[in-house]
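The primary structure of each chain is shown beneath.
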Amino acid sequence: MPRYNPATIEKKWQAYWEEHETFRSPRLPSGEKLYVLDMFPYPSGDGLHVGHPEGYTATDIICRAARMRGRSVMHPMGFDAFGLPAEEHAIRTNTPPRESTERNVANFRRQLKMLGFSYDWSRELATTDVEYVRWTQWIFLQIYDTWFDEALQRGRPIVELPIPAEVKAAGDAAVRRYQDEHRLAYQSEAPVNWCPALGTVLANEEVVDGKSERGGHPVERRPLRQWMLRITAYADRLERDLDALDWPESVKLLQRNWIGRSTGAEVDFYIGEGGTGGSPTSADLPIDVGSGLSTGGQATSGTPRDVRASHDRKPSEAAFVAWKAARAKSRYPKKPGEDVLRIYTTRPDTLFGATYMVIAPEHPLVDRLTPAARRESVEAYRQRAAAKSDLDRTELAKAKTGVFTGAYAINPVNGKPVPIWIADYVLMSYGTGAIMAVPGHDERDYEFAVQYDIPIVAVVDPGLEADVDRNAVLAGREVFTGNGVAINSPGYEGEVTPAFKKKITADLATQGLGREAVNYKLRDWLFSRQRFWGEPFPILHELDAAGNKTGLVRAVEERDLPVNLPHLDDYKPHGRPEPPLDKSPEEWLYPVIDGKRYKRETNTMPQWAGSCWYYLRYLDNENAERMVDPEVERAWMPVDLYIGGAEHAVLHLLYSRFWHKVLYDRGVVTTPEPFAKLVNQGMILGEVEMTGYRDAAGAWVSAREVKFGEDNTPVRKADGQAVEAVKIDPANAEKHGEGFVLKGNAAIQLESRAFKMSKSRGNVVNPDQVVREYGADALRLYEMFMGPLEATKPWSMDGVSGVRGFLDRAWRMIIDDRADDVRLSAAVCDDALSAEQNRVLHKTIKAVTEDIDRLGFNTAIARMMEFTNYFTKLDRRPRAALAPFVLLLSPFAPHIAEELWEALGHRESLAYEPWPTWDEAALVEDSIEVPVQVNGDDARGGEGGREDRGAIGGEADREGAGGAGAAGVFCGEVRGAGLGARGAARSGDWAQREYDIRRATHARIKWEYGLGTGSLSCSCFGRNGHDLRDDPH
RNA sequence: GCCAGAGUGGCGGAAUGGCAGACGCGCUGGAUUCAAAAUCCAGUGCCCGCAAGGGCGUGAGGGUUCGAGUCCCUCCUCUGGUACCA
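Residues numbered from 1 in each chain as written. Chains lettered and ligands numbered in written order. Predicted model: local features only at pLDDT ≥ 70, side-chain atom pairs only at ≥ 80, totals over all residues. Heavy atoms only, no water.

Tallied over the entire structure, the rule returns 48 aromatic pairs. Both rings, one in Trp421 and one in Phe448, keep their centres 5.4 Å apart while their planes meet at 90 degrees; by these two values the pair is edge-to-face. Of this pair, Trp421 sits in strand S16 (residues 417–423) while Phe448 is found in helix H14 (residues 443–452), placing the two residues 27 residues apart along the sequence. A residue is classified by how much of its surface remains accessible, and Trp421, at 3% relative accessible area, is buried. Residue classification places Phe448 among the buried residues on the basis of a relative accessible area of 0%. Among the aromatic side chains, those forming a connected cluster through ring pairs are Phe140, Tyr144, Phe148, Trp227, Tyr234, Trp525, Phe527, Phe537, Trp608, Tyr655, Phe658 and Trp659. One Lys or Arg, Arg64, reaches over the ring of Trp17 and ends 4.6 Å from the middle of that ring. One Lys or Arg, Lys314, reaches over the ring of Tyr408 and ends 3.9 Å from the middle of that ring. (Phe/Tyr/Trp six-rings, centres within 6.5 Å; stacked < 30°, edge-to-face > 60°. Helix = DSSP H or I, 4+ residues; strand = E, 2+ residues; numbered from the N terminus. Buried < 20%, exposed > 50% of the residue type's maximum accessible area, 1.4 Å probe, protein only. Lys NZ or Arg CZ within 6 Å of the ring centre and 35° of its normal.)

Below, the structure is given as structure tokens:
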């Protein structure tokens, strides 16, 4: 047998680890703890993807090495097991989703164990476990029980929420409603994708181009009562606390942008008292456009000619003046009154350039503002906008649309009336749902203004430096969004943008017209799904005598958790937009408590819920009393290293952080952040494919003549004719210039690239098959050897066989592969290490150790290959080098390492053997070549700081340096201390030579010394290969 | 559009501002073999040259530096993310 046979070795050691519970972590760490977490997988029916073991191997290496270095390691695994595919399967097969889920989990578990990861399997969990769901629901109740205290910036129990006297006076129900309005979990109407044909609500990703992904049926948006989580309350903290995290900057940036904090100002524009649209009141007399408040010369108030009408609704100057005076006394109100349109802007410095305003179609003031004469067109526009999905509003609709409401607001800074439009490029959900439009200095406003022929007034002078045509900007023919100097802004002329913003914001505040404001792109988290296969909400709706909901809810008592999913006779949609749980059995759906009948909440939680806190449950997964014992939590948290895919950079990581912060505020956890260090593994693509194209006639078409049309089919650029993509055997391709061409036909460019693995492309690599053919150790090693962990990289089966070759060589280096049993190779001996062998060993130890620390697994493996190449060549291979090598290899390829360790005479697993250490002194080479750059008139070496080479080089007058003076004389001065190898050579051991290198193109100095004695030999090469030693100066 | 990351041999990739291409794949030659596989040895960036040797080389162009794959600026290409957030 003793050829390397992973199939037997791997099974053997997996059984050993399992039997000995080798990787069980203690309840509490002893000594320094290390919590290393993998993003747990969704157990799909397809089994493990080769992308999974990439991060899992990386963390496993870290953990195994850390154990050997004496750390107490927590390394658990589990399953994110709720999810759509299981429910789809349930509908198709009419079996409970739990069944297929458990099957898939079992398969994933088998595959993970097959790869030899050192998880503590006793901590395994699945988010679908009934006991896990209990605590997910419990956390939801914590969130439900919490309100956010803005002053303290902290979540607090709802009982601590101050209740205003008038609410208290209105009675118990009013108090409860008031509390409900302030909870972090609250109900709200939110649109869902309702597909009448399928009779079900679809997730966003199931809707493609406004049609259902399955079947292509029309999808409409319908408002439905849903649960929301008030993540926006934590926006500030979620953003601020990113600073201290050891996360990739790109991920932090992604989260910052997602949170999207902006500072600016809210400003109130006066719209006049009064009535519900229609005819003007006494306060808002019709004013002829172009007269009155508008200033001469400039393009008046910007009402498009064709929509001007005398019955438009415009506040009178007198009313405005009165309002302004009142405001100066009353200050700026928290909530805008009926008489103003409140807008949010990040550019208060451009207030003087506002030539129109836009409110979102859903804005509550639309009705009130629109005069009767314009009702029709406004209403029509609103309906069109409402019918559009989010997608239509953005991608498809490039051109901006809108309609004039017929109303005007008065610009508070100059008293000018400004026409108010509605347009769907303004979103009700951001800011105040209304903007002042400054087409001169905002891209979107500019586009809109051009579209509807609205005047454009420049109020920021870009100056000459800016990247725009200044004259065009000043003339309103080009938009400029940068900072500049204020113009056309009476009272603020010449102010530079940042100072102007501050100043006018302060001025508006003193006049009670505005205030500084902060806004976030982040929206509250839509936390319910109309699905069966998710955690039920532990919420009961009160019913009145007639069986209708009263609007009041109560939480399920903690002792009654978990609320389990009911048994359903079938999982088919019931054809209404309400969640599937609506067809639950009566006894589940309508519990009776204290004689009162309730209806259970039938929405379920989204898949994110379970993954928000699993890292906490691992620590104490069998605790029936608490979600996690505080003592255990304090000892192990935070997670020291979290590795997973970049696709979770925003949502999962933001949601987890949010839950964690709520739990922190409520005293359940002790760290403000869950994941101290985060690393994203790169994507693994399929094997590189070579593609050529042929037209209908079968003639080759060069890849550069091909473009991709809609639906992503290739067509010829010239005539749009469809072409066929043909897979090309690499043997029929050759490199030509930048890319590949058809062999023998350089005119035909081919396309060479790797694609994402997908079933449809047929390029999915199955880990089971790789393990069968090459072994788990080879798969692990290959995944680490492919390239940097964070990089996207293509798969290559040849690469797998390459690392397998390394394992074979490592095996033969130690084992006699011709013997019948596992026996050491005859070359293995007990000799002492020669200086050179010792150096190779210590170099390897150092490199591998340091590479693991910086997650440079590919180079660590390269160093071990070098070790093997060196020692395999020797006829006598000392154990003293082989044994430490096996330990170094063990985190990467643990099965073969255990087997080799055993062959070397050890009886126990190497899992807790001390990690090898290196001795710097052993690394010193007694002969090094030092390159010296010579460059004619002024050749000096580097800074002289580099440990192994800096001794030569650096300016001539620098200590420990050699160099060439301006005259072109090379001074080879070498000091032993410059080597940085402590004790190997003492300072003072130096030699000096000078060579004339005026004719030299490069020089090479070879420095040889024994310990303590320095000597230098130098070869400098001139243009003709002339050795300059022959020509000393 | 915007944001982020990346462009180095035939391929995957190495290289704290200091000999570009470590290591692996592939390829070429040799040993072993009846033969093949496997294994071992040698070679392998490109161009010129029998050779010695020489020239050119890290997406393009500029710059900083004694010295740039590495730092700065401009541009090109690719990958990923994102979509009117006022």
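Continuing now.
Another aspect to go through is the environment of Asp524. Counting through the fold element by element, Asp524 comes out in the loop between strand S20 (514–519) and strand S21 (525–526). It is 5.3 Å that separates the C-alpha atoms of Asp524 and Ile231, two residues lying 293 residues apart in sequence. Excluding residues within four positions of it along the chain, Asp524 makes contact with Tyr186, Met228, Leu229, Arg230, Ile231 and Thr232. (Contact = heavy atoms within 4.5 Å.)

The antiparallel open sheet is built from 4 strands, whose spatial order is S8-S7-S11-S21. The open sheet has two edge strands with one neighbour each: strand S8 (200–202) and S21. The pairing of strand S11 (residues 220–229) with S21 spans 2 bridges and is classified as antiparallel. Within S21, the position partnered with Leu229 by the bridge is Trp525. Relative to S11, helix H5 (residues 130–144) is tilted by about 85 degrees, and along the sheet it contacts strand S7 (185–195) and S11. (Pairing = 2+ DSSP bridges. Axes fitted to C-alpha atoms, helices over the stretch in contact; angles between N-to-C directions.)

This part is about the pattern of salt bridges. Going through the model one piece at a time under the given rule, you end up with 60 salt bridges. With a closest N to O distance of 3.5 Å, Glu249 and Lys252 form a salt bridge. You can see Glu249 and its partner Lys252 sitting in helix H9 (residues 249–259), 3 residues apart, about one turn around the helix. Relative accessible area serves as the criterion here: at 53%, Glu249 is assigned to the exposed category. Between Asp719 and Arg716 there is a salt bridge, with its nearest N and O atoms 3.2 Å apart. Within the structure, one salt-bridge network assembled from shared partners comprises Glu266, Asp268, Arg327, Arg342 and Arg515. (Salt bridge = Lys/Arg side-chain N within 4 Å of Asp/Glu carboxyl O.)

Turn by turn, an α-helix covers 3.6 residues, leaving residues three or four places apart pointing in a common direction. Across the 10 residues that make up helix H28 (residues 894–903), a large majority, 8, are buried. At the C-terminal side of H28, Gly905 shows a positive phi close to 105 degrees.

What follows concerns the pairing of strand S12 (residues 262–270). Counting buried positions along S12 yields 8 of 9 residues, so the element is predominantly enclosed. Inspection of the sheet shows S12 paired to S20 by 6 bridges, in the antiparallel sense. Each residue of the ladder has a partner; that of Glu266, found in S20, is Arg515. Judged from the 6 bridges that link them, S12 and strand S13 (residues 340–345) form a sheet pairing that is antiparallel. Residue pairing across strands places Val267 opposite Ile343, the latter belonging to S13.

Relative to the helices and strands, Ala635 is located in helix H20 (residues 630–636). Residue classification places Ala635 among the partly exposed residues on the basis of a relative accessible area of 24%. Here the alpha-carbon distance between Ala635 and Lys33, two residues 602 residues apart in the chain, equals 8.0 Å. When residues no more than four places from it in sequence are discounted, the contact partners of Ala635 are Leu28, Pro29 and Lys33.

Overall, the coordinates contain 3 cavities of 30 Å³ or more when judged by the stated rule. Estimated volume of the second largest cavity: approximately 40 Å³. As for the second largest cavity, its lining consists of Phe23, Arg64, Arg67, Met68, Ser890, Pro891, Pro894, Leu910 and Ala911. Element by element, the count of residues in the lining of the second largest cavity is highest for helix H2 (residues 52–68), at 3 residues. (1 Å grid on protein atoms, 1.4 Å probe; cavity = no way out; pocket = protein on both sides within 12 Å on 5 of 7 lines; lining within 4 Å. Points joined across faces, edges and corners; volume = space filled by probe spheres on them.)

The next thing to look at is the pairing of strand S22 (residues 539–543). The buried fraction of S22 is high, at 5 of 5 residues. Neither face of S22 is open: one carries Ile539, His541 and Leu543, the other Leu540 and Glu542, and all of them are buried. Bridge analysis of S22 against strand S23 (residues 549–555) gives 4 bridges, and the strand direction is antiparallel. In the sheet register, Leu543 faces S23, and the bridge partner there is Lys549. Where S22 folds back onto S23 in an antiparallel hairpin, the turn is made up of 5 residues, including Gly547, whose phi is positive at roughly 90 degrees. Strand direction decides the pairing type here: S22 and strand S25 (residues 596–600), joined by 3 bridges, are antiparallel. What sits directly across from Glu542, in S25, is Tyr598.

Attention now goes to the sheet that holds strand S1 (residues 33–38). Pairing is parallel across the open sheet formed by 4 strands, whose spatial order is S2-S1-S26-S27. The sheet is open, and its two edges are formed by strand S2 (72–74) and strand S27 (678–681), each paired on a single side. The average undirected angle you get between the axes of adjacent strands in this sheet is 20 degrees. Bridging between strand S26 (residues 641–645) and S27 involves 4 bridges; their strand directions are parallel. Paired with Ile643 across the two strands is Val679, which belongs to S27.

Model confidence for chain A is summarised by a mean pLDDT of 83, while 84% of its residues fall at 70 or above. Note on residues 275–307: pLDDT under 50 across the span, and 68 contacts to partners over four residues away in sequence or across chains. Taken together, the stretch residues 928–1033 has pLDDT below 50 and engages in 207 contacts with residues farther than four places along the chain or on a different chain. (pLDDT = per-residue confidence, 0-100.)

Counted at 1.5 Å a residue, the expected span for H2 with its 17 residues is 24 Å, and the 25 Å between its end C-alpha atoms agrees. Residue Gly70 follows H2 closely and has a positive phi angle near 90 degrees. (Expected span 1.5 Å × (residues − 1).)

Right, let's talk about the side chain of Asp695 for a bit. Following the sequence through the fold, Asp695 ends up in the loop between strand S29 (689–694) and strand S30 (700–701). For Asp695, the side chain forms a polar contact with the main-chain nitrogen of Ala697, separated by 3.0 Å. Among the polar contacts listed, one links the side chain of Asp695 to the side chain of Arg716, at a separation of 3.4 Å. Dropping the residues within four chain positions of it, Asp695 is found in contact with Val701, Arg716, Gln721 and Val723. (Polar contact = N/O pair within 3.5 Å; in protein donor to acceptor, adjacent residues only side chain to side chain.)

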